[in-house]
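# Examining the three-dimensional arrangement
The lines below spell out each chain.
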Amino acid sequence: MSGRLFDKVWERHLVAAPDGEPPLLYIDLHLVHEVTSPQAFEGLEMAGRQVRRPDLTVATMDHDVPTVNPLGPISDPLAAEQIARLRKNCAAHGITLHPLGSAEQGIVHVIGPQLGLTQPGMTVVCGDSHTSTHGAFGALAFGIGTTEVEHVLATQTLRQTKPAAMAVTVDGDLPSGVTAKDLVLGIIARLGTGGGTGSVIEYRGSAIRALDMEGRMTVCNMSIEAGARAGMIAPDDTTFAFLEGRKHSPKGADWERALDDWRSLVTDEGAVFDSEVRIDAASLRPTITWGTNPAQSVSIDGAVPDPDSLGTAAERHAAQRALEYMGLRPGTAIRDIGVDTVFIGSCTNGRLADLRAAADVVRGRKVSPSVRAIVVPGSARVKAEAEAEGLDAVFAAAGFEWRSAGCSMCLGMNGDILSPRERSASTSNRNFEGRQGPGGRTHLVSPAVAAATAITGRFAVPADLEGAR
Amino acid sequence: MRAVSRVDGRAVAIDRRDIDTDQIIPAAWLKRVERTGFGPGLFSAWRSDPDFALNAPAASEARVLVAGANFGCGSSREHAVWALQDFGFEAVIAPSFADIFRGNSIGAGLVTAQASEETVRALFTVLADDPQATVTVDVAERMVLVPSAGLAEPFALPDYARWRLLEGLDDIGITLRHADAIADFEARRPAWLPSSAPAAHISA
Ligand code: SF4
């Protein structure tokens, strides 16, 4: 029988499929953070229920933690209360917590893979839409709301109507200077913000296989920006090499057993998808968003589009509003747009490989005097590893601020925000109105483009800087 | 969760597609640890525009929100649903909804009525002509009705979601009926799967 990767993972987690109810799916790993969990714990306690599997639940603090002086008093009383609640709830229910200041604290989607908690064939959920990141390991991973968080805490299961399976196949070689971030922005531009709704995407093809795990995580991370329930990539030797020896990875004979099992987690030859999109890797370019959703993007060589040139009335209307909000005029060359702030970090591009890519660009150069540039490692471990390589010194010498781990400027709730009309080049995942602070104007880019842009003060790719060190 | 079989009331129209949850409730509001009190934050950035639909006098009594496609995209924050409910909305009508938003809505008892583009356009027209019109969202019959305009159109709502809304059922309670199946499943899980036990409360 020819099955799809998604079906294989789905079927092995079916607990019950009662008539007239959506199937009940077992959850192997539940990641918890301070923002979407307090109401769930409260609901549990009000109903007199327990956490069924604290051993399959792992918590950390990321969304509203300060990234400057993280161990000092938290000046925002509401954030302090949320963080204190998480501490209290984890203690009360016996849940492992990686709190602020500990070696493994960080953005949920960075620490899961880093600890080896995310493994092929698992189901992973978290009260956060970018849980899709974990699909890079061949796990079925998706974001849930707080009522569902409570449901998973109480039952370790979730009710899910089975999504459709979509294939996004990217064949060929990415041109030099084109990264996983550009690849996924290209995919989202093709699918549109709602193109993946109701589907789990399997990313396939030689360009996907060629990505390292960090790149695969960047791609799966942004599946939700095309509306998809989840994104998945079949595990292979790249995956196994990443996992071997991590804290929670199987050891000894278990490692061999696990490998045997994981190798079966591929879509069989001849399997048919509910829908399929093909993209030629060679056609992709470094990509920058110009609008207020992640599908509104253009190549670095391009210009701000003219809304009148767009296909449907709804698209024209949306583009007009977006340009008004972004303070951009149609026809402006992307390289002529100046930025005020550069943010390198987030669960999309806050891993060690991302910081290395950015550091390679800024090494020996100086941030433009008109730019505020910050680097926020995705986890305390990423920070420590980067410091061991001297990346902090590279960034500091160039004029970047080197921060502590957290979501930081990705979402504008923790003090790291844009001012109204301030323009950023950001390696995060959402350019919605106000995402990085009320009135802020966000352009999504790769770490390499963010770094080059910090140097020139306008959108640039590393190749634009040649000789200017 | 309270049962809902039918929502009747005034409606607010926001003719935009891809309304994301960062607009519905900006992140600055997510620091609350309660499920209530989010109403003042609903669309707070857009409400600074005096012409925004939610600022119309009739809006404060509205029960139904009509919006463009892909409503609720973006962040998984259920706070978006709580903010809509706290403001007074009991149903949203749109041509399509983002998956997580729809799941959150059903879990919290907010009706997500998926109507055709034509129906939603017709509602925009009706509400532009008569902002006071009473709109009915009939969950049992899966129909949206505006009697004053002679509008009666079907909407889609999955059977299970409809049943839960009508019964006002606690999903956890339903699931715990399968406690034996969950325990059987747990007994069969491979031993190598990761576990964080014993709980490590690493102190900083
Ligand atoms: S980095 Fe941004 S997208 Fe990722 S979990 Fe944090 S807030 Fe969400």
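Residue positions are given per chain, counting from 1 as you read along its sequence in written order. Starting at A for chains and at 1 for ligands, labels are handed out in the order in which the entities are written. Residues qualify for local features only when their pLDDT is at least 70, as the model is predicted, and side-chain atom pairs are given and counted only at 80 or more; totals for whole chains, interfaces and linings, by contrast, use all residues. Just so you know, side-chain values use all the structure's heavy atoms and leave hydrogens and water out.

### Description of the overall build of chain B
In terms of helices and strands, chain B carries 7 helices and 7 strands. Working definition: helices are DSSP H or I runs of at least four residues, strands are E runs of at least two. Numbering for both runs from the N terminus. Helices (α) and strands (β) of chain B occur, in sequence order from the N terminus, as β-α-β-α-β-α-β-α-β-β-β-α-α-α. C-alpha atoms of chain B, sized along the principal axes, occupy 65 × 40 × 25 Å. Any two residues whose heavy atoms approach within 4.5 Å are treated as being in contact. Of the contacts made within chain B by residues no fewer than 6 positions apart, 67% connect residues no fewer than 24 positions apart. Accessible surface, chain B: about 8,000 Å² in total, of which carbon and sulfur atoms supply 50%. Placing the 19 positive and 27 negative side-chain charges of chain B at their respective mean positions leaves the two points 4 Å apart. The Shrake-Rupley method, run with a 1.4 Å probe, gives the accessible areas here. Residue values count only the displayed protein chains as cover. Note on charges: Lys and Arg go in the positive column, Asp and Glu in the negative column, and His and the chain ends are not counted at all. Where a charge lies is defined by one atom per residue type: Lys uses NZ, Arg uses CZ, Asp uses CG and Glu uses CD.

### Thoughts on the pattern of salt bridges
Residue and element names in this part refer to chain A. One side-chain nitrogen of Lys or Arg within 4 Å of one carboxyl oxygen of Asp or Glu is enough to make a salt bridge. By the definition in use, this model includes 47 salt bridges over all chains. Residues D268 and K8 are paired through a salt bridge, measuring 2.9 Å at the closest nitrogen-oxygen approach. In this pair, D268 is assigned in the loop between helix 10 (252-262) and strand 12 (275-280) and K8 in helix 1 (residues 5-11), connecting sequence segments 260 residues apart. Residue R381 is joined to E104 by a salt bridge in which the shortest nitrogen-to-oxygen separation is 2.3 Å. Of this pair, R381 sits in helix 14 (residues 380-388) while E104 sits in the loop between strand 5 (96-98) and helix 4 (108-114), placing them 277 residues apart in sequence. Think of it in three bands: with a 1.4 Å probe and only protein chains considered, a residue is buried below 20% of the maximum accessible area for its type, exposed above 50%, and partly exposed in between. Judged by relative accessible area, R381 falls into the partly exposed class, the value being 33%. Members of the salt-bridge network, linked through shared partners, are R4, D7, K162 and D274.

### Observations regarding the interface of chain A and chain B
Between chain A and chain B, the contact holds 88 residues from the first and 58 residues from the second. Defined here as a combined quantity, buried area equals the accessible surface (1.4 Å probe) lost by two parts on assembly, summed across both. Among the residues of chain A in contact with chain B, A:Q39, A:R49 and A:T147 are the three that bury the most area, contributing 10% of the side total. On inspection of chain A and its partner chain B, the count reaches 9 salt bridges. Across the pair A:E150 and B:R35 runs a salt bridge, and its minimum N-O distance is 3.4 Å. Here a polar contact means two N or O atoms within 3.5 Å. Within protein one must be a hydrogen donor candidate and the other an acceptor candidate, and residues neighboring in sequence count only if both atoms are side-chain atoms. Connecting chain A to chain B are 34 residue pairs in polar contact (both at pLDDT 80 or more). Grouping the amino acids of the side of chain A that touches chain B by side-chain chemistry returns 33 nonpolar, 32 polar and 23 charged. When residues are sorted by character, Ala, Val, Leu, Ile, Met, Phe, Trp, Tyr, Cys and Pro go into the nonpolar class, Asp, Glu, Lys and Arg into the charged class, and all the rest, Gly among them, into the polar class.

### Let's talk about helix 5 (residues 159-167) of chain B
Along helix 5 of chain B, the residues classified as buried are B:Y160, B:A161, B:R164 and B:L165. The arc that holds every buried residue of helix 5 of chain B, seen down its axis, measures 135 degrees, which confines them to one face. Buried positions along helix 5 of chain B lie against strand 8 (157-159) of chain A together with helix 3 (99-108), strand 4 (111-114) and helix 6 (171-176) of chain B. Where helix 5 of chain B terminates, the next one or two residues include B:G168, which has phi positive at roughly 65 degrees. Here, the arc refers to the directions that run from the helix axis to the C-beta atoms.

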